[in-house]
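# Notes for the structure review
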Amino acid sequence: MRINYFFWVFLVTLGVRAQGVEKDFDAPDSLYREDQFYLNITYNTLQKGPDGLRQNKLSPGLAFGFLRDMPLNKKRTVAVAAGLGYSLAIYNHNLGIIPVNNQSTYQIFDSEVITFSKNKLSLHYVDVPIEFRWRNSTPESHKFWRVYTGFKLSYLFSNQYKSETSQGNFNQNNLEDLNRIHYGVYVTAGWNTWNIYAYYGLNSLFDASAETNANEKVNMNTANFGIMFYIL
């Protein structure tokens, strides 16, 4: 009986203590983190291409991933973030990539000689973004101004080229002349859900061996513009 008595006293005491330290789930979290998932939709442009290079139709892009937010000050309004993501970049243009003897040859389609209904290059990347963040957020509100600047390193793991022309259809996968590593800088700024986004690639999409039939280097980089959504 004495053992049972002490057992019940222990349980009641434990319950009282637990009620005394019960967590207030409605209280603001002073150690919050912001904007750890992202979704990015862009319009992609080609820069510095060979003479006569033109884009046609829409060249869209899509990216999403995770960024670990690491605040640097007590108010948590200044932070750095690093993460991992995936991006798809599509370019519609008039640069033909024609396979000849198991090698790619490049030529600008002359509209008076060759017409085409499709000429598309699709690039799939694994991205590693690193960014510096400023915002005026508080623990009580998730609506705030932000300005984030960053550097993005991307690895090209898959690519496809598709073309439908008056001289035939051409399909190629995993072109060898594309640079596997791509890198650039970007900035994101906005309020609450809606944020503008701009990215500029610092190196060429193609390596130095890619030349057109006019002996011009296919030396073009990218500038992408769009909107960024942050979640959690």
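The sections below set out a description of the structure shown in this document. (Residues numbered from 1 in each chain as written. Predicted model: local features only at pLDDT ≥ 70, side-chain atom pairs only at ≥ 80, totals over all residues. Heavy atoms only, no water.)

## Focus: the environment of valine 128
By secondary structure assignment, the location of valine 128 is in strand E6 (residues 116-135). Sequence separation between valine 128 and leucine 67 is 61 residues; the distance between their C-alpha atoms is 9.2 Å. Ignoring anything within four residues of it in the chain, the contact list for valine 128 reads Gly83, Leu84, Phe151, Lys152 and Leu153. (Helix = DSSP H or I, 4+ residues; strand = E, 2+ residues; numbered from the N terminus. Contact = heavy atoms within 4.5 Å.)

## Some thoughts on the nonpolar core
Leu123, Leu178, Leu205 and Phe206 are the most contacted members of the largest nonpolar core, which totals 23 residues. Those elements that provide at least two residues to this core are strand E3 (78-92), strand E4 (95-100), E6 and strand E7 (145-165). Apart from residues no more than four positions distant in its own chain, leucine 123 is found in contact with Ser87, Leu88, Ala89, Tyr91, Leu156, Ser158, Asn159, Leu178 and Leu205. The next biggest cluster of nonpolar side chains, apart from the first, holds 10 residues, and it includes Phe144, Tyr186, Tyr199 and Met228. (Core = buried A, V, L, I, M, F, W, Y, C linked by side-chain atoms within 4.5 Å. Buried < 20%, exposed > 50% of the residue type's maximum accessible area, 1.4 Å probe, protein only.)

## Digging into the packing of aromatic side chains
The tally for this structure, following the rule as stated, stands at 10 aromatic pairs. Ring plane angle 50° and centroid distance 5.5 Å describe the contact between tryptophan 145 and tryptophan 191, whose orientation is recorded as tilted. In this pair, tryptophan 145 sits in strand E7 while tryptophan 191 sits in strand E9 (residues 181-191), placing the two residues 46 residues apart along the sequence. The exposure class assigned to tryptophan 145 is partly exposed, which follows from its relative accessible area of 48%. (Phe/Tyr/Trp six-rings, centres within 6.5 Å; stacked < 30°, edge-to-face > 60°.)

## Quick word on the pairing of E7
Two faces, one strand: in a regular strand the side chains alternate between the faces of the sheet. Bridge count between E6 and E7: 19 bridges; the pairing is antiparallel. Note on E7: the bridge partner recorded for asparagine 119 is serine 163. When E7 meets E9, the two strands line up antiparallel, connected through 11 bridges. In the sheet register, leucine 153 faces E9, and the bridge partner there is tyrosine 183. Strand direction decides the pairing type here: E7 and strand E8 (residues 168-173), joined by six bridges, are antiparallel. In the strand pairing of E8, glutamate 164 is matched with asparagine 169. Hairpin geometry of E7 and E8 is characterised by an intervening segment of two residues between the two adjacent antiparallel strands. (Pairing = 2+ DSSP bridges.)

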